[in-house]
Amino acid sequence: QVQLVESGGRLVQAGGSLRLSCAASGGAFGRYAMGWFRQAPGKNRAFVAAINWTGGIRGSADSVAGRFTISRDNARNTLNLQMNDLTPEDTAVYYCAARESPGISSGPGDYAYWGQGTQVTVSS
């Protein structure tokens, strides 16, 4: 069973950049597809980006395409999310999640393991 811990969230001004990281332990990280999700106050958890177990296939939500990039380092058991050109609408708690499958998915229900989340706040 894999454990996930996110880091890197903080307050940033609009137009700025952040890099979130997710450290995995306790499982064979390279056998999981991974995803980033976010949840803003009063809203449902929403898909941000996903990456397959090798890192060769990636997908992202339309709202972040061209601004956010997901990547993984299987040798270091880490998942990253590079976020550029941030807007106040990106303010949310960001979660990483692991899926017991090699392929990507945008559905939260397809992910069995979740981190505790990291807060990203973008000021205007």
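As shown above, the structure is provided for reference.
Small disclaimer: the values here were computed from a predicted structure and weren't measured.

Colleague: Looking at this structure, I do not really get the state of the cysteines. What am I missing?
Modeller: Applying the stated criterion to the full structure yields one disulfide. Across a sulfur-sulfur distance of 2.0 Å, Cys-22 and Cys-96 are joined as a disulfide pair. One quick way to see it: the torsion about the S-S bond of Cys-22 and Cys-96 is about 45 degrees, and its sign makes the bridge right-handed. Placement of the pair is Cys-22 in strand β3 (residues 18-25) and Cys-96 in strand β9 (residues 92-99), with a sequence separation of 74 residues. The buried category is assigned to Cys-22, whose relative accessible area is 1%.

Colleague: How should I be thinking about the environment of Arg-31 in this particular structure?
Modeller: With respect to the secondary-structure elements, Arg-31 resides in the loop between β3 and β4 (33-39). With 21 residues separating them along the chain, Arg-31 and Asn-52 place their C-alpha atoms 9.0 Å apart. For Arg-31, the contacting residues outside a window of four places in its chain are Trp-53, Arg-99 and Ser-101.

Colleague: Where do I start with the pairing of strand β11 (residues 118-123) in this structure?
Modeller: A regular strand carries its side chains on alternate faces of the sheet. Only one face of β11 is covered, namely the one carrying Thr-118, Val-120 and Val-122; the face carrying Gln-119, Thr-121 and Ser-123 has none of its residues buried. Sheet topology places strand β2 (residues 11-13) next to β11; three bridges connect them, and they run parallel. Considered in β11, the bridge of Val-12 is made with Val-122. Bridging between β9 and β11 involves three bridges; their strand directions are antiparallel.

Colleague: Looking at this structure, I do not really get the sheet that holds strand β7 (residues 68-73). What am I missing?
Modeller: Hydrogen bonding along the main chain pairs the strands of a sheet, whether they run parallel or antiparallel. Strands sit in the order β1-β3-β8-β7 across an open sheet of four strands; the sheet is antiparallel. The outermost strands of the open sheet, each flanked by one partner alone, are β1 (3-7) and β7. Within this sheet the neighbouring strands show an average axis-to-axis angle of 15 degrees, counted without direction. For β7 and strand β8 (residues 78-83), the ladder comprises six bridges, and the chain directions are antiparallel. Bridge pairing in β8 links Thr-69 to Gln-82.

Colleague: Would you mind showing me how to read the side chain of Arg-67 here?
Modeller: In this fold, Arg-67 is placed in the loop between β6 (58-60) and β7. A relative accessible area of 15% means that Arg-67 is categorised as buried. Leaving out residues up to four positions away in the same chain, Arg-67 has contacts with Gln-82, Met-83, Asn-84, Asp-85, Leu-86, Thr-87 and Asp-90.

Colleague: What is the right way to read the environment of Val-12 from this model?
Modeller: Structurally, Val-12 is set in strand β2. By relative accessible area, Val-12 is classed as buried at 9%. Each C-alpha atom of the pair Val-12 and Ala-50 lies 23 Å from the other, and the pair is 38 residues apart in sequence. Val-12 has contacts with Ser-17, Leu-18, Leu-86, Thr-121, Val-122 and Ser-123, leaving out every residue within four places of it along the chain.

Colleague: Could you clarify how one ought to interpret the pairing of β4 in this entry?
Modeller: With six of its seven residues buried, β4 lies for the most part within the structure. Here β4 runs beside β9; their pairing, made up of seven bridges, is antiparallel. Among the inter-strand pairings, Phe-37 is bridged to a residue of β9, identified as Tyr-95. Pairing of β4 with strand β5 (residues 46-51) involves five bridges; the strand directions are antiparallel.

Rules and cut-offs
- Residues numbered from 1 in each chain as written.
- Predicted model: local features only at pLDDT ≥ 70, side-chain atom pairs only at ≥ 80, totals over all residues.
- Heavy atoms only, no water.
- Disulfide = S-S within 2.5 Å.
- Helix = DSSP H or I, 4+ residues; strand = E, 2+ residues; numbered from the N terminus.
- Buried < 20%, exposed > 50% of the residue type's maximum accessible area, 1.4 Å probe, protein only.
- Contact = heavy atoms within 4.5 Å.
- Pairing = 2+ DSSP bridges.
- Axes fitted to C-alpha atoms, helices over the stretch in contact; angles between N-to-C directions.

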